[in-house]
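The chain contents come next:
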There are 2 protein chains.
Amino acid sequence: MPEKVILSVDALGGDNAPDVVLDGVKAALAEDENLEIILCGPAEVVEPFAAGVARCTAQPTTEFIDMGEHPAEAVRRKKDSSLVVGCRLVKESRAQGFFSAGSTGACLAAATLVIGRIKGVSRPALTTIVPSPVKPVVMCDIGANADCKAEYLLQFAQMATIYMEEILHVKNPRVALLNIGEEETKGSLFAQEAFALLKAQLPNFAGNAEGGDILPANFDIFVTDGFTGNVCLKTIEGTSKTLFKTLKEIFYSSALTKLGALTIKGGLSDLMVKVSPDTYGGAPLLGVKGACIVGHGSSNALAIKNGIHTTAEIVRTDVSGLIEKTVSKP
Amino acid sequence: MPEKVILSVDALGGDNAPDVVLDGVKAALAEDENLEIILCGPAEVVEPFAAGVARCTAQPTTEFIDMGEHPAEAVRRKKDSSLVVGCRLVKESRAQGFFSAGSTGACLAAATLVIGRIKGVSRPALTTIVPSPVKPVVMCDIGANADCKAEYLLQFAQMATIYMEEILHVKNPRVALLNIGEEETKGSLFAQEAFALLKAQLPNFAGNAEGGDILPANFDIFVTDGFTGNVCLKTIEGTSKTLFKTLKEIFYSSALTKLGALTIKGGLSDLMVKVSPDTYGGAPLLGVKGACIVGHGSSNALAIKNGIHTTAEIVRTDVSGLIEKTVSKP
């Protein structure tokens, strides 16, 4: 039987909050009997909801952090926002992990400022499972640290390795450095320095990868600075979306093509699920104490539910404890 | 009637050289009566070919630069390679532009070391037309400069603007800085500095773009450092390839789906042409004197032909002269 876990969830996170969050919380609780959720948000939203759902507690809050606000400033000022309160519950050990589909910047700021880093971790890193039709791969960092030092990348690789082993059950995952050529001497000065460090200190380092290696899943983990990782991830999403949209137009262009489309509807749906970000429902900020998962702003209830399950899994497998034991102290 | 143009072409450039190069040269000459080509390569290849093709001259060479060699070293050592000789013909004004589908690194080294930079240009930049199903967009730099200063990006933007105006006939193209957020304050320190410079000095600057803006063609030109640009371009190619491969598997999964596939065969072929890198056939290295176009290593004869036409077009519209007049001198 899975261990009992208590999570705090931001009821106001995401473009379709609170409705999809409430649906996601309900579904997650129904699927996991050993899960408890403290739902943070306006009293009029969370109290009636919690009253009707088993193992859900309401934590009324009075403030809200908007997507447009300056993350760190908003976190410092709005101490009674659902986001800050959710993180504080983890800080105070009343919850073991936190999930929000709110502003990524504000989540990062709240997690770092309120919950705090694991001892020895230089920079927490936003980590995602890239939905590939071949097999899931992990990319880290995807945007928490636009400017990086080589030693951060070594820690990113170590943290992502633990995440992939514990959550995706891939043992000894092959880590690649995202670069612009396969040879050791390729890339920017930063990439060359990172290559040398990873080669010297990471046993599961497999060498340089290029952008074209990601979706074919030629490696398990792609480690990079948060600038490149973010551009890359959004490029994958934008490319998939545009191609699917164009395909749809082709399918809808005549009665005959519509008929043709019917024959592959099943296969195409499977593919869409495989490449959908909702399948995993969130990106953990590895390196902060406890667990903190940031969902897509556009999350639907399924994505919220899956994000909550992932948060619980990270707590149960003690990813943070393993990170503390493993990362190379700078 | 188009102006007479003389180009040098590397017969040994590309994975399928010299066969596809010869086919491409023949086709290009047949389609453009005012084009002359000096074909550089082994005597036994280029001499019999040139003897049978109008407006083609053989330039026998004795050396060959391999994909695996260190670019600058190979260019310095192998002075009688097809690549170096092709560039020297431009340097000596015997040809006005050069095309090769050989090693990108070696082409960049030869163009810079042998032909030389346009006065005032800090760093030549590899520029490509990204094949989007929506409309073609331009990305610059895609790999010539892994480490950049903000002022290089201003020049990249100016050069790419001229290229897009002259070759794609898009007047006053909207330039975006590839970044990890729309707001002015987003991104790495480098991106913030580049944003400020572009905003102050580039009249057609339209702001920050994210990776997800590229394939939907939300801007005309995406300017970035060569590291990010290369990762991004290869990510687009890898994503498209993987999705098309998966689609093909879906289509081939049963007799019924094969029948369904037939109904959209035409539309799908059109899409494949639109997103194929062969449609434009090469990336110009903007900022070197004359014109220098680097084709994909995997170029087929169509890509070679189109690459040669683009090279001639760059010469005829005097892109290099316009660049010399336009770029901000550092």
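The preceding data block contains the structure.
So, a few notes on the structure that sits alongside this text. (Residues numbered from 1 in each chain as written. Chains lettered and ligands numbered in written order. Predicted model: local features only at pLDDT ≥ 70, side-chain atom pairs only at ≥ 80, totals over all residues. Heavy atoms only, no water.)

**Some remarks on the sheet that holds strand 7 (residues 175-178) of chain A**
Residue and element names in this part refer to chain A. What counts here: Any two strands between which DSSP finds at least two bridges are classified as paired. To qualify as a helix, a DSSP run of H or I must reach at least 4 residues; to qualify as a strand, a run of E must reach at least 2; elements of each kind are numbered from the N terminus. Angular values range over 0 to 180 degrees, each being the angle between N-to-C directions of two axes fitted as lines to C-alpha atoms, with helices fitted over their stretch in contact. Pairs of residues are marked as contacts when any of their non-hydrogen atoms sit within 4.5 Å.
Ordered in space as 3-2-1-4-11-10-5-6-9-7-8, the 11 strands form an open sheet in which the pairing is mixed. Each edge of the open sheet carries a strand with a single partner, namely strand 3 (56-60) and strand 8 (205-209). Here the average twist between neighbouring strands, direction ignored, is 25°. In the sheet, strand 1 (residues 5-10) pairs with strand 2 (residues 35-41) via six bridges, with the strands oriented parallel. Paired with S8 across the two strands is I38, which belongs to strand 2. Sheet strands touched by helix 7 (residues 189-201): strand 7, strand 8 and strand 9 (221-223). Its angle to strand 8, the strand with the most contacts, is close to 165°.

**Topic: the state of the cysteines**
Between two cysteines, a covalent bond joining their sulfur atoms is known as a disulfide. Rules: Two cysteine sulfur atoms form a disulfide, by the criterion used here, when they sit within 2.5 Å. Throughout, exposure labels follow a simple rule: accessible area from a 1.4 Å probe, protein chains only, divided by the maximum for the residue type, with under 20% read as buried, over 50% as exposed, and the rest as partly exposed.
All chains considered together, the criterion is met by zero disulfides over all chains. C56(B) carries a free sulfur, and the closest cysteine sulfur to it, the one in C40(B), is 9.7 Å from it. With no disulfide of its own, C232(B) has C232(A) as its nearest cysteine by sulfur position, at a separation of 7.0 Å. We classify C232(B) as buried; its relative accessible area is 1%.

**Digging into the relation of the copies chain A and chain B**
This is how the line gets drawn: We superpose the copies by least squares over the C-alpha atoms of residues that have a pLDDT of at least 70 in both of them.
Between the two copies, chain A and chain B, the superposition gives an RMSD of 0.0 Å; the rotation angle is 180° and the shift along the axis is 0.0 Å. Between the two chains, the operation in question is that of a two-fold axis. Residues of chain A ranked by C-alpha distance from the rotation axis are headed by G260(A), positioned 1.9 Å from it. A shared interface surface links the copies, since 100% of the contact residues of chain A are contact residues in chain B too.

**A look at the interface of chain A and chain B**
Short version of the rule: Buried surface area refers to the total accessible area, computed with a probe of radius 1.4 Å, that the two partners give up upon joining, counted for both partners together. Salt bridge, as used here, is a side-chain nitrogen of Lys or Arg placed within 4 Å of a carboxyl oxygen of Asp or Glu.
At the interface, 45 residues of chain A touch 45 residues of chain B. Here chain A meets chain B over a buried area of about 3800 Å², counting both sides, of which 78% is carbon and sulfur. On the chain A side of the contact with chain B, I180(A), F227(A) and L243(A) bury the most area, a combined 17% of that side's loss. Where chain A touches chain B, the interface holds two salt bridges. One salt bridge connects E210(A) with K234(B), and the closest N-O pair in it is separated by 2.8 Å. Secondary-structure elements contributing two or more residues to the side of chain A that touches chain B are helix 7, helix 8 (226-251), helix 9 (255-263) and helix 10 (265-275) of chain A.

**Quick notes on the nonpolar core**
So the rule is basically this: By nonpolar core we mean a set of buried residues, namely Ala, Val, Leu, Ile, Met, Phe, Trp, Tyr and Cys, connected to one another through side-chain atoms within 4.5 Å.
Counting 114 residues, the largest nonpolar core has I214(A), F222(A), I214(B) and F222(B) as the members making the most contacts within it. The contacts of F222(B), once residues within four sequence positions are left out, are V137(B), V138(B), M139(B), C140(B), A176(B), L178(B), A209(B), D213(B) and I214(B).

**So, the side chain of T257(B)**
The cut-off we apply is this: Pairs of N or O atoms within 3.5 Å make up the polar contacts considered here, provided that, within protein, one atom can donate a hydrogen while the other can accept it, and that residues adjacent in sequence are counted only when both atoms are side-chain atoms.
As for its position among the elements, T257(B) is in helix 9 (residues 255-263). Polar side-chain contacts of T257(B) include one of 2.9 Å to the backbone oxygen of S254(B).

**Observations regarding the packing of helix 1 (residues 19-31) of chain A against helix 11 (residues 301-316) of chain A**
The angle between the axes and the distance between the axes are what describe a pair of packed helices. Residues and elements named next belong to chain A. Keep this limit in mind: Note that the term roughly parallel is reserved for angles under 35 degrees, roughly antiparallel for angles over 145, roughly perpendicular for angles of 65 to 115, and oblique for everything else. For any helix crossing, the convention is left-handed if the near helix is rotated counterclockwise from the far helix by under a right angle, and right-handed if that rotation is clockwise. Gly is put with the polar residues, along with every residue not named as nonpolar or charged; the nonpolar set is Ala, Val, Leu, Ile, Met, Phe, Trp, Tyr, Cys and Pro, and the charged set is Asp, Glu, Lys and Arg.
It is at 7 Å that the axes of helix 1 and helix 11 come closest, and there the two elements cross at 50°. Compared by their axis directions, helix 1 and helix 11 come out oblique. Considering how the two elements wind past one another, helix 1 and helix 11 form a crossing that is right-handed. Along the contact surface, helix 1 presents V20, V21, D23, G24, V25, A27, A28 and E31, while helix 11 presents A301, I304, K305, I308 and H309. In terms of residue class, the contact of helix 1 with helix 11 is built from eight nonpolar, two polar and three charged.

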